[in-house]
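# Fold and geometry: a report
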Amino acid sequence: MHKSGTADPAQPVDGDQPLTLDVLRRLVGNDWARLPGDTLVVLSRDTEGNLYSPSSTYAIGRYSPVYELTGEVYPLESELAADTELRALFPKVPADARAALVLYPLG
């Protein structure tokens, strides 16, 4: 992860870990606090940096890996309990699904 507090692009570092909300809060609150408010948030389509898209929206859900660091996102238990159609779409959620903030690209 990039630690310099500048807007320079981060370079991959051996031992990088999945980004957690705690780390994201620290980065936004400290390292990136001086960046302008209109700084665009973009997502890469893949790990090689092929194609980027501005982030459009977000959701709160549960994530379960399928292949190493690629997986699926499932609704929260509270959403499933409140929505019959959603339960029909997601009849089985993997036991290892964990809470996740899901960012969606525009393109």
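How each quantity is defined
Residues numbered from 1 in each chain as written. Predicted model: local features only at pLDDT ≥ 70, side-chain atom pairs only at ≥ 80, totals over all residues. Heavy atoms only, no water. pLDDT = per-residue confidence, 0-100. Contact = heavy atoms within 4.5 Å. Phe/Tyr/Trp six-rings, centres within 6.5 Å; stacked < 30°, edge-to-face > 60°. Helix = DSSP H or I, 4+ residues; strand = E, 2+ residues; numbered from the N terminus. Buried < 20%, exposed > 50% of the residue type's maximum accessible area, 1.4 Å probe, protein only. Pairing = 2+ DSSP bridges.

With 86% of its residues at a pLDDT of 70 or more, the protein shows a mean pLDDT of 84. For residues 1-12, every residue scores under 50 in pLDDT, and the model assigns this stretch 13 contacts once sequence neighbours within four places are set aside.

Scanning all chains against the criterion turns up one aromatic pair. For the pair Tyr74 and Phe90, a centre-to-centre distance of 6.0 Å together with 75 degrees between the ring planes defines the contact as edge-to-face. Of this pair, Tyr74 sits in strand S3 (residues 70-74) while Phe90 sits in the loop between helix H3 (84-89) and strand S4 (98-105), and the two are 16 residues apart along the sequence. Here Tyr74 falls in the buried class, since its relative accessible area comes to 14%.

Two strands pair when backbone bridges link them, and strand S2 (residues 52-67) and S3 are joined in this way by five bridges, in the antiparallel orientation. Across the sheet, residue Arg62 finds its bridge partner in S3, namely Tyr74. Between S2 and S3, which pair antiparallel one after the other, the connecting turn spans two residues, and Glu68 there sits at a positive phi close to 50 degrees.

Here Leu51, not a glycine, exhibits a phi torsion of approximately 65 degrees, which is positive. With respect to the element layout, Leu51 can be found in the loop between strand S1 (42-44) and S2. Note on Leu51: relative accessible area 56%, which makes it exposed.

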